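Architecture at a glance
Now for the letters of each chain:
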Amino acid sequence: MSQPALSVRSLDLTDPATFIENDIHEFWRDVRARRPVYWHEPTDRNPGFWVVSRYADVQSLYHHDALSSARGNVLDVVLRGDDSAGGSMLAVTDGPRHRSLRNLMFSAFTPRVLGEVVEKVRKRTGELVSAVLEMDTFDFAAEVAEQIPMNTICDLLSIPAADRGALLQWNKMALSSGHADSSELDALSARNEIVLYFMELAQERRDKPGGDVISMLATSEVEGRLLTVEEVAVNCYSLILGGDETSRISAICAVLALIENPDQWHALRTGEVSYESAVEEVIRWATPGIHLARTAVEDFEIRGEKVRGGDIVTLWNISANNDESVFDQPRRFTLSRSPNRHLSFGHGPHYCLGAYLGRGELRALLSALVERVGRMELRGTPRPIYSNFLTGYESLPVHFAGR
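Residues numbered from 1 in each chain as written. Predicted model: local features only at pLDDT ≥ 70, side-chain atom pairs only at ≥ 80, totals over all residues. Heavy atoms only, no water.

In contact at an axis separation of 5 Å, helix H12 (residues 229-260) and helix H13 (residues 262-269) are set at 105 degrees when each is read in the N-to-C sense. Considering the angle they form, H12 stands roughly perpendicular to H13. Residues Leu258, Ile259 and Glu260 of H12 form the contact with H13, whose own contacting residues are Pro262, Gln264, Trp265 and Leu268. The residue inventory of the contact of H12 with H13, partitioned by class, reads five nonpolar, one polar and one charged. (Axes fitted to C-alpha atoms, helices over the stretch in contact; angles between N-to-C directions. Helix = DSSP H or I, 4+ residues; strand = E, 2+ residues; numbered from the N terminus. Parallel < 35°, antiparallel > 145°, perpendicular 65-115°, else oblique. Contact = heavy atoms within 4.5 Å. Nonpolar A, V, L, I, M, F, W, Y, C, P; charged D, E, K, R; others polar.)

For the bond from Ser338 to Pro339, the omega torsion is -5 degrees, close enough to zero to count as cis. Topologically, Pro339 is positioned in the loop between helix H15 (317-320) and helix H16 (355-372). Its identity as a non-glycine residue notwithstanding, Ser158 has a phi of 55 degrees, on the positive side. Mapped onto the elements, Ser158 comes out in the loop between helix H8 (147-157) and helix H9 (161-175). Overall, Ser158 belongs to the partly exposed group, its relative accessible area being 37%. Of note, the phi angle at Glu223 is positive, near 55 degrees, even though the residue is not glycine. Locating Glu223 in the fold gives a position in the loop between strand E5 (221-222) and strand E6 (225-226). (Buried < 20%, exposed > 50% of the residue type's maximum accessible area, 1.4 Å probe, protein only.)

Next up on the list: the sheet that holds strand E2 (residues 49-52). Here we have five strands laid out as an open sheet, ordered E1-E2-E10-E7-E3, and mixed in their pairing. Edge strands, defined here as strands with exactly one partner in the open sheet, are strand E1 (37-40) and strand E3 (67-68). Of the pairings in the sheet, the one linking E2 to strand E10 (residues 312-315) comprises three bridges and is parallel in character. In the strand pairing of E10, Trp50 is matched with Val313. (Pairing = 2+ DSSP bridges.)

Right, let's talk about the pairing of strand E14 (residues 397-402) for a bit. With five of six residues buried, E14 is to be regarded as a mostly interior element. Where strand E4 (residues 138-139) and E14 come together, two bridges link them in antiparallel fashion. From the neighbouring strand, Asp139 faces E14, where its bridge partner is Pro397.

Once that is clear, we can look at the pattern of salt bridges. What the rule picks out here adds up to 24 salt bridges. One salt bridge connects Arg359 with Glu280, and the closest N-O pair in it is separated by 2.5 Å. You can see Arg359 sitting in helix H16 and its partner Glu280 sitting in helix H14 (residues 275-286), a full 79 residues away along the chain. Among the ionic pairs, Glu377 bridges to Arg379, the shortest N-O distance being 3.2 Å. Residues joined by salt bridges that share partners form a network here, namely Arg97, Glu223, Arg225 and Glu231. (Salt bridge = Lys/Arg side-chain N within 4 Å of Asp/Glu carboxyl O.)

With 32 residues, H12 ought to run about 46 Å at 1.5 Å a step, and its terminal C-alpha atoms sit 46 Å apart, in line with that. Buried residues dominate H12, accounting for 26 of its 32 residues. (Expected span 1.5 Å × (residues − 1).)

Taken as a whole, this structure holds zero disulfides when the rule is applied. Of all cysteine sulfurs in the structure, the one in Cys236 sits closest to Cys154, which takes part in no disulfide; the separation is 11 Å. You can call Cys154 buried: its relative accessible area is 0%. (Disulfide = S-S within 2.5 Å.)

A few words on empty space enclosed by the protein. The full count for this structure, using the stated rule, is one cavity of 30 Å³ or more. By volume, the largest cavity is sized at about 50 Å³. Those elements that place two or more of their residues in the lining of the largest cavity are H8, H12 and H16. By residue number, the principal contributor to the lining of the largest cavity is H16, which donates three residues. Class assignment of the residues belonging to the lining of the largest cavity gives a composition of six nonpolar, one polar and one charged. (1 Å grid on protein atoms, 1.4 Å probe; cavity = no way out; pocket = protein on both sides within 12 Å on 5 of 7 lines; lining within 4 Å. Points joined across faces, edges and corners; volume = space filled by probe spheres on them.)

By themselves, these figures tell us nothing about what the structure is for.
Put into structure tokens, the structure is as follows:
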């Protein structure tokens, strides 16, 4: 690999502690300026990989023909070898197979289909916010943020209420943790539990189909054959994981940012900024999924660096969404920001299927806060997520005063 002409500070991007113990935005500013594409040296446990940090490069590589998602799209997974769901799960497929799966799943995520689901989100969110107004200090993550996206995606999949608590706990362990002593085995076990649960449910819905998404997946053909129960399960796993983690973290970050930026809370409450604009800034500001991984299937060059077939290439959304060449004063929380073409939902063929639903959940939260809350106060130290894939907080102790 070519050596960098201008060195960048050496941080181990495979270590979750890196993202808690360092000013990560200062690090990315340095990377964008000095070496926007660089080779991350191997560690004792992991092979090396390419790091891409600038907005224009990240956006272009999202739909570059030389990059594949089939080996995995999360750094921890792809560093260990091929993703076992490659070719089966929408997020880790390419080409015709990806298009066929996406077309099938997209039918469950159109605004028309999701209209009723979003109305339930609005009602549930209002009730949750009203309930915490009676409390003194409470954890916004546990009392509100955790309850919205998981129940929303479970409504879409018609998952029994009795099973939702276990799914939430497995989901929180699958890609992140609140603790440094959590093991990779814990995360793997949680992922297996989710897949096994959905395999059983997929078989039940295949035998007795209903009008839900799992029944649709279990009884539909892709490329001339029914999906196996394993294929149905891994795609449900993907929906749960993506639908819960990113929306939950965005909601927590939204409340913290509004508390820390009272001028923006005032602008939202007085109608100086639209909900649509506010939602996009929260999503950019939070950037819950900080990277995506790809594998080069052939040689190509980017910014003078020669990427070889087989190399791992990581696209850092957290850096792209704070690129000064695209976003004016990116570390300023500005609800009126326009344009705001963030990459939090990805770009190109793998653009997030749940983007409409995620935006609907955030709008419902912001509306409920404006309608019901007069003042928000931080009542303790937020606890950060321990992850190299997700960024945000596991807990947020606050107090809400009613209007």
